[in-house]
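Chain and residue survey
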Amino acid sequence: MKLVQSLDMSEFEPIVLLHDVEGPLRAFVEGADVRFAPAPDVHVWQPGERVTLARIAQLPRDVLRMRAFLHAHDIRIVHTNEGPMHATWSLPTRLAGAEHIWHHRGNPRAMGLRTQAPLSASRVLCVSNFASPHPGLWSAHGKSSVVHSPFDTSIAQIDREAARRTLESRLGVEPDTIVLAFLGQFSARKRPLVFVETIAALRRLRPDLRLVGLMFGEEFEPGIEARIRARIAEIGVADHIRIMGFLRPIEPWLAASDMLVVPAVEEPFGRTLVEAMLVGTPVVAAASGGNLEAIRNRGTGLLARADDPADLAAHVLELIDHPDLAETIAHRARQEALRKFSVEHHVKKVTAIYREVLAA
């Protein structure tokens, strides 16, 4: 939405297509005062969906409807942002003679990126080098570019001291309590159980340390929250971990925390890392995936071994024991995030690619 709102309207006329005009996205788009239209009534392909004869029989009609829609609205670029949209729009976009910008935010091993994008995509925009397609005989690597996602850099103005006072009041914690945050979906890849084990490791290393881990998020994979709660009880850290649920706005909570701990592995590009950098909260993350691109180790954060709670705990303690280091890292991280992840920087790179594909 930041991209759409920031385009030069004398050069581009964006229109958001909604496959579900009754869903919550419509209210969001209307609230942003952005032009939108109902997409053609077609089947949207979902990841892992079984291909049936009925679906195959429906495909030519759907493709012709979408191609006609693109022609009728004189659409020259189709910019899709996730798997089902890539799969659904790639063929009609090609048949309509329009350019397909395939914005990849996931794993480089994604099926569509490996099989469909090399043929159908005009350009592939990847949120990180980690997310980029691997080179090969059949690969979209040659037409891919890294374009980091944009962030609302105004959150850098949050008053951290005021946010901390609010957190202490709401949670009833003492001012000298070390507050560690976990922020993300409760899923295996985010490694919430590793965060729980990291809190346990800190308790073993420093039993007298006032410490609380706040887990912000909601269950993404069925049953995982029950496993988290069971593990918390099993290892005896129930007094030191609070499951906060999904909260908005999250930025004040993040700013009020002493550190963000990111145990996630193979993240394409973790947004929470950059948000923490912007609000001045030091980050300790697993050395995996896009985390390695978002953070310069010991420059804008600390990187620990993946899936190693003891190593995460040791890095957390290093920042607790060396507050000057934590402050220096937080300052550098904020400055770098402001420079690299602004909306203006993102829009400049994307519009340059729009111009390239239109001129080809």
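Structure's up top.
Remember, it's a predicted structure, so these values are computed and weren't measured experimentally. (Residues numbered from 1 in each chain as written. Predicted model: local features only at pLDDT ≥ 70, side-chain atom pairs only at ≥ 80, totals over all residues. Heavy atoms only, no water.)

Looking only at helices and strands, the protein chain has 15 helices and 12 strands in total. The C-alpha radius of gyration computed for the protein chain amounts to 22 Å, which stays within 12% of the reference 21 Å derived for 360 residues, consistent with globular compactness. Scored against the burial criterion, the 360 residues of the protein chain give a buried share of 50%. Taking the intrachain contacts of the protein chain between residues at least 6 apart in sequence as the baseline, contacts between residues at least 24 apart amount to 60%. A total of about 17,700 Å² of accessible surface is found on the protein chain, and carbon and sulfur atoms cover 53% of it. (Helix = DSSP H or I, 4+ residues; strand = E, 2+ residues; numbered from the N terminus. Rg over C-alpha atoms; globule rule 2.2 N^0.38 Å. Buried < 20%, exposed > 50% of the residue type's maximum accessible area, 1.4 Å probe, protein only. Contact = heavy atoms within 4.5 Å. Areas by Shrake-Rupley, 256 points an atom, 1.4 Å probe, with all protein chains shown as cover.)

Right, let's talk about the layout of surface pockets for a bit. Here the second largest pocket is characterised by a volume of approximately 470 Å³. Listed by contribution, the elements that provide at least two residues to the lining of the second largest pocket are helix H7 (160-171), helix H10 (251-256), helix H13 (309-321) and helix H14 (323-340). Counting residues per element, the lining of the second largest pocket draws most heavily on H14, at 7 residues. Among the residues forming the lining of the second largest pocket, the class breakdown is 11 nonpolar, 4 polar and 9 charged. (1 Å grid on protein atoms, 1.4 Å probe; cavity = no way out; pocket = protein on both sides within 12 Å on 5 of 7 lines; lining within 4 Å. Points joined across faces, edges and corners; volume = space filled by probe spheres on them. Nonpolar A, V, L, I, M, F, W, Y, C, P; charged D, E, K, R; others polar.)

The subject of this paragraph is the sheet that holds strand E5 (residues 123-126). Hydrogen bonds between backbone groups are what pair the strands of a sheet, and the pairing can be parallel or antiparallel. The strand order across the open sheet formed by 4 strands is E3-E4-E5-E6, and the pairing between neighbours is parallel. Across the chains shown, the open sheet's two edge strands, defined by having one partner strand only, are strand E3 (77-80) and strand E6 (144-146). In this sheet, neighbouring strand axes are inclined to one another by 20° on average, regardless of whether the strands run parallel or antiparallel. As paired strands, strand E4 (residues 99-104) and E5 are joined by 4 bridges and run parallel to one another. Paired with His-104 across the two strands is Cys-126, which belongs to E5. (Pairing = 2+ DSSP bridges. Axes fitted to C-alpha atoms, helices over the stretch in contact; angles between N-to-C directions.)

Another aspect to go through is the pairing of strand E7 (residues 178-183). With 6 of its 6 residues buried, E7 lies for the most part within the structure. Neither face of E7 is open: one carries Ile-178, Leu-180 and Phe-182, the other Val-179, Ala-181 and Leu-183, and all of them are buried. Here 6 bridges tie E7 to strand E8 (residues 211-216), and the two strands are oriented parallel to one another. Bridge assignment links Leu-180 to a residue of E8, and that residue is Gly-213. With respect to chirality, the unit in which E7 leads through helix H8 (residues 192-205) into the neighbouring parallel E8 is right-handed. In this sheet, strand E10 (residues 259-262) lies alongside E7 in parallel orientation, the contact comprising 2 bridges. Bridged to Ala-181 within E10 is Leu-260. (Right-handed = clockwise from strand over helix to strand, strands pointing away.)

Moving on to the nonpolar core. One finds Val-124, Leu-167, Leu-214, Phe-216, Leu-260 and Val-283 to be the most contacted residues of the largest nonpolar core, which totals 45 residues. When residues of this core are assigned to their parent elements, the largest contribution, 6 residues, is made by helix H11 (residues 271-279). Listed in part, the 32 residues of the second largest apolar core include Leu-180, Val-196, Leu-202 and Ala-326. (Core = buried A, V, L, I, M, F, W, Y, C linked by side-chain atoms within 4.5 Å.)

Further remarks concern the environment of Arg-298. Locating Arg-298 in the fold gives a position in the loop between helix H12 (291-294) and strand E12 (302-304). Judged by its relative accessible area of 41%, Arg-298 is partly exposed. A sequence separation of 14 residues divides Arg-298 from Val-284, and the C-alpha atoms of the two residues are 9.8 Å apart. Sequence-distant contacts of Arg-298, defined by excluding residues within four places in its chain, comprise Glu-318, Leu-325, Ile-329 and Arg-332. Looking at Arg-298, its side chain comes within polar contact range of the side chain of Glu-318, at 2.2 Å. (Polar contact = N/O pair within 3.5 Å; in protein donor to acceptor, adjacent residues only side chain to side chain.)

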